[in-house]
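Breakdown of the fold
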Amino acid sequence: MVVFECVGCGAPLTVPLTQVDLPDHAVVHQWGNGVRDMPGLVPAGTWAGRDAVVVAPGDVRGLSWVEGRLVGYCCGIDGHGGPNLACACGRPVATRVDDCSLWQAVWFVPGAVRATGDPGPVLPWDAFDWDGVPLTAEDRWWRVRVEISAGAALLRVAAVAGDARVLVPDGPLADTFRHELARCGQRDPAVTLGLAGPGAEPDSDVLLVPRHPQTGEAWPAPGPVVPVAAELWTWLARTAEQPVRPRTSGQWATHLDDDPPPRRCRSITPRVSDVLRWQ
Ligand SMILES: [Zn+2]
């Protein structure tokens, strides 16, 4: 695990953290309107980032507020006033975001911190559970996460395919992408869309491949690939029935009429507009 420290004075500014792939919903700045129980952008104990390191708000240490920058709109701080957390040496090093409808996070200013310590090994692909069962009825944010991921994936598939028609095989891929892709390219010859990854051999022109859950590296595959979040890829690749649990706590109201409860939740809808709005 690594600790991020201030480049100015060397003070440790986080607890020890492990790396995770930057989630796709990081590009969707705002979710809903006035949602007061937004989850963290990344899980506690982890960090992610490409241009900037992001951690869970509870994982920072030794920081204090920057006066005059604690701005928000109603329930918390939205960070639009610039870095609002400073190291003890006085350098503004990070921006905390915790207002309603915003993923709770602390974003470090690019170049303000450096990682120290041993990050540990990058786990091999087969160390992860690619047959895992999504607890979709217990995780309120599962659908939001994968639908944003699907929106980002759809845009990338359309960009790779250009003006060619995209043929999508029946199953979760078609349920998720066929309707939207039918409105994109119309030129023949068509290209086929398929999956490649753990347990899925490439057999299509354009391949959806998983990103490594730690590093975000794309699964190696030949030809045009569209890397997607491991969580979405697993959902698309595993067509077998999965024990989606009965709804609880007022969620999944549409399943009130299902008896017995469904074994796999209904298809997901790519949230293209949310991705486009904030990218
Ligand atoms: Zn410092």
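This write-up is about the structure you can find in this document. (Residues numbered from 1 in each chain as written. Predicted model: local features only at pLDDT ≥ 70, side-chain atom pairs only at ≥ 80, totals over all residues. Heavy atoms only, no water.)

1. Side note on the overall build of the chain
In terms of regular secondary structure, the chain is built from 4 helices and 13 strands. Within the chain, the proportion of its 279 residues that are buried is 46%. Looking at the chain alone, contacts between residues at least 24 apart form 59% of all its contacts between residues at least 6 apart. Accessible surface, the chain: about 13600 Å² in total, of which carbon and sulfur atoms supply 53%. (Helix = DSSP H or I, 4+ residues; strand = E, 2+ residues; numbered from the N terminus. Buried < 20%, exposed > 50% of the residue type's maximum accessible area, 1.4 Å probe, protein only. Contact = heavy atoms within 4.5 Å. Areas by Shrake-Rupley, 256 points an atom, 1.4 Å probe, with all protein chains shown as cover.)

2. Quick notes on the coordination of the zinc ion
The zinc ion binds to the protein through Cys 6 (SG), Cys 9 (SG), Cys 87 (SG) and Cys 89 (SG); the donor distances cover 2.3 Å. One chain supplies every donor for the zinc ion, spaced along it as C-x2-C-x77-C-x1-C. Placement of Cys 9 in the loop between strand E1 (3-6) and strand E2 (18-19) and of Cys 89 in the loop between strand E6 (85-86) and strand E7 (92-97) is noted, with a sequence separation of 80 residues between them. Residue class for Cys 9 comes out partly exposed when judged on its relative accessible area of 43%. (Donors = N, O, S within 2.8 Å, 3.2 Å for Na, K, Ca; no water.)

3. So, helix H2 (residues 172-181)
An α-helical turn contains 3.6 residues, so a residue and the one three or four places further along point in the same direction. Taken as a whole, H2 has its buried residues at Pro 172, Leu 173, Ala 174, Thr 176, Phe 177 and Leu 181. Looking at the packing, one finds that the buried side of H2 touches helix H1 (142-161), strand E10 (164-167), strand E11 (187-195), strand E12 (206-210) and helix H3 (230-237).

4. Quick notes on the nonpolar core
Nonpolar side chains in soluble globular proteins generally cluster together in the buried interior. By size, the foremost hydrophobic cluster in this structure holds 32 residues, and its most contacted members are Leu 173, Phe 177, Leu 181, Leu 193, Leu 208, Leu 232 and Leu 236. Going through the elements one at a time, H1, E10, H2, E11, E12, strand E13 (225-228) and H3 are the ones with two or more residues in this core. No other element matches H1, which puts 7 residues into this core. Apart from residues no more than four positions distant in its own chain, Leu 232 is found in contact with Val 146, Ser 149, Ala 150, Ala 153 and Ile 268. By size, the runner-up hydrophobic cluster in this structure holds 18 residues, among which are Leu 17, Val 60, Leu 85 and Cys 87. (Core = buried A, V, L, I, M, F, W, Y, C linked by side-chain atoms within 4.5 Å.)

5. Section: the sheet that holds E12
Sheet strands pair by backbone hydrogen bonding; their relative direction is either parallel or antiparallel. Strand order in this open sheet of 4 strands is E10-E11-E12-E13, and the pairing throughout is parallel. A strand with exactly one partner marks an edge of an open sheet, and here the two such strands are E10 and E13. Shown here is a sheet whose adjacent strand axes are inclined to one another by a mean of 30°, direction ignored. In terms of strand pairing, E11 meets E12 through 3 bridges, oriented parallel. The partner of Leu 195 across the bridge, within E12, is Leu 208. H1 contacts E10, E11, E12 and E13 of the sheet and is inclined by roughly 170° relative to E13. Where H2 meets the sheet, its contacts fall on E10, E11 and E12, and the angle it forms with E11 comes to roughly 155°. (Pairing = 2+ DSSP bridges. Axes fitted to C-alpha atoms, helices over the stretch in contact; angles between N-to-C directions.)

6. Topic: the sheet that holds strand E3 (residues 46-49)
Here 7 strands make up an open sheet; going across it, the order is E2-E3-E4-E8-E7-E6-E5 and the pairing mixed. With one partner strand each, in any of the chains shown, E2 and strand E5 (64-65) form the two edges of the open sheet. Bridge analysis of E3 against strand E4 (residues 53-55) gives 3 bridges, and the strand direction is antiparallel. The residue of E4 that forms the bridge with Trp 47 is Val 55.

7. Comments concerning unusual backbone geometry
In this structure, Pro 189 follows Asp 188 across a cis peptide bond, with omega equal to 0°. Even without being glycine, Ser 101 reaches a positive phi, approximately 65°. Positionally, Ser 101 belongs in the loop between E7 and strand E8 (105-108).

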